[in-house]
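# Chains, contacts and geometry: an overview
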Amino acid sequence: MENQELKAALKAKDAEIEELKRQLRGKNPLPAIRKSTEDELPSVNSEPTLDNEEIARYSRQLILPELGISGQVKLKNSRVLIIGCGGLGCPAAIYLAAAGIGCIGLVDFDEVELSNLHRQIELRLHGYCIKACVSNLFIRLNSRASCIPYHLALTSENAYQLIEKYDIVLDATDNVATRYLLNDACILTGKPLVSGSALRFEGQLTVYNHNGGPCYRCLYPKPPPPETVTNCSDGGVVGVVPGIIGGLQALEAIKLACGLPPSFSQSLLLFDAFSTFRTIKLRPKQRNCVICGESPSITKLIDYEQFCGAKATDKDAGLNVLGSKERISVQEYAEILQKKSDHMLIDVRQAVEMDICQLPAPAIIFVVCRRGNDSQLAVQELQKRLNGIQLKDIRGGLHAWAKHIDNNFPVY
Amino acid sequence: MSLNLKLEFSGGAELLVNKVKNHDITLPISSKLWTLRGLLDWIKDNLLAERPELFIQGGSVRPGILVLVNDADWELLGELEYELQDNDHIVFISTLHGG
């Protein structure tokens, strides 16, 4: 009997929660997505105290002496900008919202693709990454905090104006050109930059432009040759790896916002899912750095796509090094297959990709030699290596050809 | 006498050396001392399977690869001129850009 009463009470409470959630959504509709960086931000609350709701919500943090009321008030008065709402940006945003950051800006221009969902844990099928990230983030924001989504590409024209409005910037982007742009914009506006990256089973994290530490250009004065840069689409990534790095980016931002020392200024965290975390001591700010050094030669934002020789996106640039006579269309290839025309298909992908899918193999490969002995051995060898391809030996080889088909064929 | 080193390649740099991250190597002691510059030449001749330009450019590591000596940035230790010591741990890390 008692059990049933409890169940009924639980059901009533669930209904009450649903009703309260509905009311909350009515009071706070999802924030409008901005397409430009011009509009001002809503003012962050500059009250020096917390109200009772905030005290209850953040109580587990508040009782940490390192944070306390004063730390929580600093978080509430902080503005954090996250560039990139992907595998790094989404988890970082959740924890920053949950920790009570007063204003979170989110910037992304990509559309949601199904292949992003394994690592962009805030995504549903919302169309744009930014929209998905925000709608899931929203319930974690307290009623006074704000979230400003920007559906735009960060460029040399808008970066300064945008970053200037925030206190701390998270680099959660996916390409080299934007990383240099963000670095320079943070130096010019004097903001700390919490930079994260991930690929395959590895992640890296560091804080730039803080307390005498280096900037991205101090470490990497020259951009990498474009052919050496691998994106997540080509290299692959285990979803939880950017999740771990994004979570750590949020933690570094929280410490910076509270005035606590970050762990990774002038220091680089390396995470390898097959081994462990490792911390590397980095060089200090470089005197001869072209942006943060003693006599900087870069005093305003430049063209970063030109500087890096690569587009500011992680999408593959279509390669075009062959002449039109050296390439065919898939329609032309389909016809060749259908007609069973003589040809050999060489698929140059990795073995792991061959397991995912393959084009139908051209009908048969014939193997020939002088007398039809070595060719049999060759078929045996090739059978071991060319899985799924039909191989046939031509019995008797070239000698048989000369005897039965073409009497003028040389015999040796 | 010889010089024993632990080499490590990560962040994708291991793809240039047969996909093997850790290499224990022994360098013969020569009349001149071994520097990181000399080690790069040795790696080029002995470990790089193909396309050495993806690792070495203009006599140093290519832009985008960070070199660490015993967990410290090589810039703190003289970069190419650093004299290798027995049992040094040298790491080559390619910067990651994905997210």
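Residues numbered from 1 in each chain as written. Chains lettered and ligands numbered in written order. Predicted model: local features only at pLDDT ≥ 70, side-chain atom pairs only at ≥ 80, totals over all residues. Heavy atoms only, no water.

## Quick notes on the overall build of chain B
Short version of the rule: Helix and strand labels come from DSSP, where a helix needs a run of H or I of at least four residues and a strand needs a run of E of at least two; each type is numbered from the N terminus. Only the C-alpha atoms count toward the radius of gyration. The rule for a globule is 2.2 Å times the residue count to the power 0.38. Summary of the burial criterion: residues with accessible area below 20% of their type's maximum are buried, those above 50% are exposed, and those between are partly exposed, where the area comes from a 1.4 Å probe applied to protein chains only. Residues count as neighbours in contact if any of their non-hydrogen atoms are within 4.5 Å of one another. The Shrake-Rupley method, run with a 1.4 Å probe sphere, supplies the accessible areas, and residue values consider only the shown protein chains as cover. The charged-residue count follows a simple rule in which Lys and Arg add positive charge and Asp and Glu add negative charge, with His and chain termini not counted at all. By convention, charge coordinates are those of NZ in Lys, CZ in Arg, CG in Asp, or CD in Glu.
Each helix and strand in chain B was counted, giving one helix and seven strands. When the helices and strands of chain B are listed from N to C terminus, the series reads β-β-α-β-β-β-β-β. Taking 13 Å as the expected radius of gyration for a compact globule of 99 residues, we find that chain B reaches 13 Å, a close match to that expectation. Overall, chain B is about 45 × 30 × 25 Å in size when its C-alpha atoms are taken along their principal axes. Counting all 99 residues of chain B, 57% fall into the buried class. When contacts within chain B are restricted to residue pairs at least 6 apart in sequence, those whose partners lie at least 24 apart make up 56%. For chain B, the exposed area adds up to about 4,600 Å²; of that, 48% sits on carbon and sulfur atoms. For chain B, the centre of its 8 positive side-chain charges and the centre of its 15 negative side-chain charges are spaced 8 Å apart.

## Notes on the packing of aromatic side chains
Both the distance between ring centres and the angle between the ring planes are used here to describe each pair of aromatic rings. Residues and elements named next belong to chain A. For clarity, the cut-off: Each Phe, Tyr or Trp ring, with Trp reduced to its six-membered ring, pairs with another whose centre is within 6.5 Å; inter-plane angles below 30 degrees give stacked pairs, above 60 give edge-to-face pairs, and intermediate values give tilted ones.
Considering all chains together, one arrives at nine aromatic pairs over all chains under this definition. Between the aromatic rings of Tyr 180 and Tyr 216, the centroid separation amounts to 4.9 Å while the plane-to-plane angle is 65°, which identifies the pairing as edge-to-face. You can see Tyr 180 sitting in helix α8 (residues 176-189) and its partner Tyr 216 sitting in helix α9 (residues 216-219), a full 36 residues away along the chain. For Tyr 216, a relative accessible area of 4% corresponds to the buried category. One aromatic cluster is present, formed by Tyr 180, Tyr 208, Tyr 216, Tyr 220 and Phe 307 through successive ring pairs.

## A look at unusual backbone geometry
A positive phi angle is found at Gln 266 of chain A, which is not glycine, with a value near 55°. With respect to the element layout, Gln 266 of chain A can be found in the loop between α11 (240-258) and β7 (267-272). Phi at Asn 87 of chain B is positive, roughly 70°, even though this residue is not glycine. Position of Asn 87 of chain B among the secondary structure elements: in the loop between β6 (72-73) and β7 (89-94).

## Comments concerning the pairing of strand β3 (residues 146-150) of chain A
Each regular strand carries side chains that alternate between the two faces of the sheet. All names here are of chain A. Selection rule: The pairing criterion is simple: DSSP has to find at least two bridges between the two strands.
With respect to burial, β3 is a largely interior element, five of its five residues being buried. The pairing of strand β2 (residues 103-107) with β3 spans five bridges and is parallel. Paired with Val 107 across the two strands is Tyr 150, which belongs to β3.

## Thoughts on the pattern of salt bridges
Selection rule: For this document, the term salt bridge refers to a Lys or Arg side-chain nitrogen within 4 Å of an Asp or Glu carboxyl oxygen.
Taken as a whole, this structure holds 19 salt bridges over all chains when the rule is applied. Linking Glu 335 of chain A and Lys 339 of chain A is a salt bridge whose minimum nitrogen-to-oxygen distance equals 3.4 Å. Classification of Glu 335 of chain A as partly exposed rests on a relative accessible area of 43%. Ionic contacts of the salt-bridge type, sharing partners, join the residues Glu 202 and Asp 272 of chain A together with Lys 21 of chain B into one network.

## A word on the UniProt feature "binding site: ATP" (unreviewed entry) in chain A
Residue and element names in this part refer to chain A. Cut-off, in case you're wondering: UniProt positions are given in the numbering used here, feature names are shortened, and annotations may be inferred rather than shown by experiment. Polar contact is the term for a pair of N or O atoms within 3.5 Å; when the atoms are in protein, one must be able to donate a hydrogen and the other to accept it, and sequence-neighboring residues count only if both atoms are side-chain atoms.
When the UniProt feature table is mapped onto this chain numbering, "binding site: ATP" (unreviewed entry) sits at Gly 87, Asp 108, Ser 115, Asn 116, Leu 117, His 118, Arg 119, Asp 174 and Asn 175. Topologically, Asp 174 is positioned in the loop between β4 (168-171) and α8. A distance of 3.0 Å separates a polar atom in the side chain of Asp 174 from a polar atom in the side chain of Asn 175. Take Asn 175: it is sitting in the loop between β4 and α8.

## Examining the side chain of Ser 94 of chain B
With respect to the helices and strands, Ser 94 of chain B occurs in strand β7. Ser 94 of chain B gets classed as buried once you look at its relative accessible area, which sits at 7%. With near-sequence residues (within four places) excluded, Ser 94 of chain B lies in contact with Gln 204 of chain A together with Ser 10, Gly 11, Gly 12, Ala 13, Arg 62, Gly 64 and Ile 65 of chain B.

## Structural notes on the interface of chain B and chain A
Selection rule: Note on terms: buried area is the combined drop in 1.4 Å-probe accessible area of two parts once they are placed together, counting the loss on both.
Contact with chain B, which involves 30 residues of that partner, is made by 38 residues of chain A. Taken over both partners, the interface formed by chain B and chain A buries close to 2,700 Å², and the fraction arising from carbon and sulfur atoms is 55%. Together, Leu 96, His 97 and Gly 99 of chain B form the three largest contributors to the area buried by chain B at its contact with chain A, with a combined 29%. Counting every contact that joins chain B to chain A gives five salt bridges. The partner of Asp 73 of chain B in a salt bridge is Arg 283 of chain A, with the nearest N and O atoms 2.6 Å apart.

## Things to note about the UniProt feature "modified residue: 1-thioglycine" (unreviewed entry) in chain B
UniProt's entry tags Gly 99 of chain B with the feature "modified residue: 1-thioglycine" (unreviewed entry), counted in the numbering of this structure. In this fold, Gly 99 of chain B is placed in the segment after β7.

## Examining a nonpolar patch on the surface
Counted only if it meets this: Nonpolar side chains (Val, Leu, Ile, Met, Phe, Trp, Tyr) within 5 Å and like charges within 9 Å form the patches, drawn only from residues with over 30% relative accessible area and no salt bridge.
Judged by side-chain polarity, Met 344, Ile 346 and Val 348 of chain A come together as a nonpolar surface patch covering roughly 390 Å² of accessible area. Note on placement: Met 344 of chain A falls in the loop between α13 (330-338) and α14 (351-354).

## Quick word on the UniProt feature "active site" (unreviewed entry) in chain A
Residues and elements named next belong to chain A. In the numbering adopted here, UniProt assigns the feature "active site" (unreviewed entry) to Cys 232 and Cys 369. Spanning 138 residues, the annotated positions stay apart in the fold, the maximum distance between their C-alpha atoms being 45.5 Å. Its location among the elements puts Cys 232 in helix α10 (residues 232-235). Assignment of secondary structure puts Cys 369 in the loop between β9 (364-367) and α15 (374-385). Cys 369 has contacts with Asp 374, Ser 375, Gly 397 and Leu 398, leaving out every residue within four places of it along the chain.

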